[in-house]
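Residues per chain are reported as follows:
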Amino acid sequence: RTETLEATTALAASFAREPCNGASASAVTPQQRKPTAKAKSAQQPQQFTATASGGSEDDQLIVFNAVNPKKQGSGAYERYEKYKMATTRREAMQLGASQADIKHDLKKGFARSG
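Quick caveat: nothing in here was measured; it's all calculated off a predicted structure.

S.K.: Even after reading the chapter, I still don't get the packing of aromatic side chains, so can you show me in this structure?
M.R.: Two aromatic rings, taken as a pair, are described by how far apart their centres are and by the angle between their planes. Counted by the stated rule, this structure contains 3 aromatic pairs. Residues phenylalanine 64 and tyrosine 83 carry aromatic rings whose centres are separated by 5.1 Å and whose planes lie at 70° to one another, so their mutual orientation is edge-to-face. Linking phenylalanine 64 in strand S1 (residues 62-64) with tyrosine 83 in helix H3 (residues 75-83), this pair joins segments that are 19 residues apart in sequence. Their ring planes at 65° and their centres at 5.3 Å tell us that tyrosine 80 and tyrosine 83 sit as a pair that is edge-to-face. In this pair, tyrosine 80 and tyrosine 83 are both assigned in helix H3, 3 residues apart and thus about one turn of the helix distant. On the accessibility criterion, tyrosine 83 (0% relative accessible area) is buried. Grouping aromatic residues by their ring pairs yields a cluster made of Phe64, Tyr80 and Tyr83.

Procedures and definitions
Residues numbered from 1 in each chain as written. Predicted model: local features only at pLDDT ≥ 70, side-chain atom pairs only at ≥ 80, totals over all residues. Heavy atoms only, no water. Phe/Tyr/Trp six-rings, centres within 6.5 Å; stacked < 30°, edge-to-face > 60°. Helix = DSSP H or I, 4+ residues; strand = E, 2+ residues; numbered from the N terminus. Buried < 20%, exposed > 50% of the residue type's maximum accessible area, 1.4 Å probe, protein only.

The following block contains the structure:
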């Protein structure tokens, strides 16, 4: 549980520092940025996938953007509001996300997995 909390906290902290829509204040993308010593230490807990029940992909840590990027009034918006606080894929699906929702959110940068 402690490893899961640390990894989730570190993932959430990195998520808060980076724009989720791929935009950045400069022309440098997050992949091009050289990590600082502080960023490297914050990323250490993310180098493993902490699981509570045997290592299933559904137990993979995930952090969703707190601001809903979906079109207001759409079904996707309503689902996102329900699952955006989830910390694992399994939890997101229990809260109403589909595999397609999660895949789309990861691809578009609306979520990050650890």
